[in-house]
Amino acid sequence: MREALYWEPLEGGKVRCRLCPLNCIINEGKRGSCRIRKNIGGKLYTLNYGKVSSIAADPVEKKPLFHFWPGSCALSISTVGCNMHCKHCQNWEISQADESFPYLHDMTPEMVVAMAKRYSCESIAYTYNEPVIWYEFVLDTAKLAKREGIYNLLITNGYINEEPFRELAPYIDAMNIDIKAFSDEFYMKIASVPSGEPSRRTAVIAKKDFGIHVELTYLIIPTLNDREEEIRAFASWVVEELGDDTPVHFSRFFPHYKLSHLPPTPIETVEMAYRVAREEGLKFVYIGNVPGHEGENTYCPKCGKPLIVRWGFKITEYNIEDGKCKYCGEPIPVVGTYKKKRYKWMWW
């Protein structure tokens, strides 16, 4: 436990957390919506600093990041808590937990960086639960990792206020931002926050102001965010605000948590989203959670040849040379070069 960043005292011993757009006003002895930031004696404390719930050496493609050092290894770490309460969360056991979660391990930023080196991980991914509410630990670890030449990856819902994000952004190399839907109704009913606008704002600031490599994920859930008009509006926004070279992942939903009554997303629906996004001008669109689908592959936007062929998280073919299509010479926006490697086993 340590004093949190980004809060202000209020009358009557209350505090206002200013980390995320919820801006929770918290009474003495109470917690914010994330369950992990608590008012103790009129000061705001974070209860999960250095508390690690999960750790693994993952292919960077699992994040998913398809255009950032393909084939490289990311040390994935997570804690507990989240500032959203999504009814379909696949990691709800940790995202909706607090510091009483029984399987937490104490780690320092130095330990995390040392572990990344030990397992030959080129990057550290703050992932699985929402890293925004682990802000203080992520910031400290990212600063140290940057000094040690290790990349920092933020796998996030992007729901963070602008000031704290701008402090963190110089230490972040790549982000996958989860855009839940393109309607505020979805965010209110399914994610329990008022609007998706802050997440979209974060994406724009990250790419335009800081040059962070940004990819987006849109999980398509039957009856909730699967309308063609909504997906077309989302794709159009990406082209206009982030650029047509921004990678977008449309992922297939499977029943989980509080939405276990819904069916899996029909593959045809995900294929529709893929088609619509391409029609709107996006050059790099991907289909997720359908292993072996041709929509997992990267194609040259000029000649159409397959450049990176994938099966799940594994690369089976790589046809980019010196940042260009091997066949026609078209520049391809991929950060870094393909790293074909074997992963070391990690024991927790």
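Residues numbered from 1 in each chain as written. Predicted model: local features only at pLDDT ≥ 70, side-chain atom pairs only at ≥ 80, totals over all residues. Heavy atoms only, no water.

If you check an unreviewed UniProt entry, the chain appears there as Radical SAM protein from Thermococcus barossii.

K.L.:
How should the packing of helix H2 (residues 109-118) against helix H3 (residues 135-147) be read in this particular structure?
P.N.:
Helix-helix packing is described using two parameters, namely the angle between the two axes and the distance between the axes. Where H2 contacts H3, the axes come no closer than 9 Å and their chain directions differ by 50°. On the basis of their axis angle, the class for H2 and H3 is oblique. In the crossing of H2 with H3, the sense of the turn from one axis to the other is right-handed. Across from Pro109, Glu110, Val112 and Val113 in H2, the residues of H3 making contact are Phe137, Asp140, Thr141, Leu144 and Ala145. Here the contact of H2 with H3 is composed, by residue class, of six nonpolar, one polar and two charged. (Axes fitted to C-alpha atoms, helices over the stretch in contact; angles between N-to-C directions. Helix = DSSP H or I, 4+ residues; strand = E, 2+ residues; numbered from the N terminus. Parallel < 35°, antiparallel > 145°, perpendicular 65-115°, else oblique. Left-handed = near helix turned anticlockwise from the far one by under 90°. Contact = heavy atoms within 4.5 Å. Nonpolar A, V, L, I, M, F, W, Y, C, P; charged D, E, K, R; others polar.)

K.L.:
Honestly, the sheet that holds strand S3 (residues 15-17) in this entry has me stumped. Any pointers?
P.N.:
Strands pair in a sheet through their backbones, by hydrogen bonds, and they do so in one of two ways: parallel or antiparallel. One open sheet holds the three strands; their spatial order is S2-S3-S4, and the pairing between them is antiparallel. Two strands bound the open sheet, and with one partner strand each, they are strand S2 (7-9) and strand S4 (25-26). Summarising the sheet, S3 and S4 pair through two bridges and their orientation is antiparallel. Along S4, the bridge assignment pairs Val15 with Ile26. (Pairing = 2+ DSSP bridges.)

K.L.:
Help me understand the state of the cysteines in this model?
P.N.:
By definition, a disulfide is the covalent link that joins the sulfur atoms of two cysteine residues. Inspection of the entire model under this criterion finds zero disulfides. In this model Cys86 remains outside any disulfide bridge; the closest cysteine sulfur is found in Cys82, 6.3 Å from its own. Classification of Cys86 as buried rests on a relative accessible area of 6%. The thiol of Cys303 is not disulfide-bonded; the next cysteine sulfur, from Cys300, is found 3.7 Å away. (Disulfide = S-S within 2.5 Å. Buried < 20%, exposed > 50% of the residue type's maximum accessible area, 1.4 Å probe, protein only.)

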